[in-house]
Amino acid sequence: MNKILFIQTGMGIDVHGQNITKAATRAVQNAIWSNSMPGIENSLPDNSLENMNVTVRLAVPLDRDNLDISKIKETIPYGTVEVDITDGGMATSSGIILEDKDDENDLMYMVNAAVEVGY
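Since we're looking at a predicted model, the values are computed, not measured.

J.: Before we move on, could you go through the pattern of salt bridges and cite the residues and values that matter?
T.: Under the counting rule described, the total for this entry stands at 3 salt bridges. Note that D84 and R57 form a salt bridge whose closest N and O atoms lie 2.9 Å from each other. Note that D84 is positioned in strand β3 (residues 80–87) and R57 in strand β2 (residues 53–60), a separation of 27 residues in sequence. Among the residues examined, D84 registers a relative accessible area of 33% and is labelled partly exposed. With its nearest N and O atoms 3.6 Å apart, the salt bridge here joins R64 to D87. Linking R64 in the loop between β2 and α3 (69–74) with D87 in strand β3, this pair joins segments that are 23 residues apart in sequence. A network of salt bridges, in which partner residues are shared, links R57, D84 and E116.

What follows is the structure, given as structure tokens:
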């Protein structure tokens, strides 16, 4: 990315089920869902949303190999999306194991996201 226009941040949690993709998707959604970017097209080459580049940076605590990158990319509606994964986030006890929620243990996963938008 040559020029970053803005960065949005968020956090997502999967309380039951130990699904790192669900927690990461929620983190990205948390970062982007409460924003409106009027005029963004005027800042992009050829005034086109398709020329927008997005880098999603995720800090994940566990199960990095289980992260479904394609589902993360689907949360971004426009442009070219790149996903960068780093260690971080948090895994902590939910205090209960709920088999009907697909819990394998009592951990809940928290993921942090930074979504960089530019071109």
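Next comes the rest of the description.
J.: Residue-level account of the side chain of T21, with values.
T.: Tracing the backbone shows T21 in helix α1 (residues 20–32). With relative accessibility at 8%, the residue T21 sits in the buried group. Contacts of T21, omitting those with residues within four sequence positions, involve N66, L67, D68, K71 and I72.

Rules used in this analysis
- Residues numbered from 1 in each chain as written.
- Predicted model: local features only at pLDDT ≥ 70, side-chain atom pairs only at ≥ 80, totals over all residues.
- Heavy atoms only, no water.
- Salt bridge = Lys/Arg side-chain N within 4 Å of Asp/Glu carboxyl O.
- Helix = DSSP H or I, 4+ residues; strand = E, 2+ residues; numbered from the N terminus.
- Buried < 20%, exposed > 50% of the residue type's maximum accessible area, 1.4 Å probe, protein only.
- Contact = heavy atoms within 4.5 Å.

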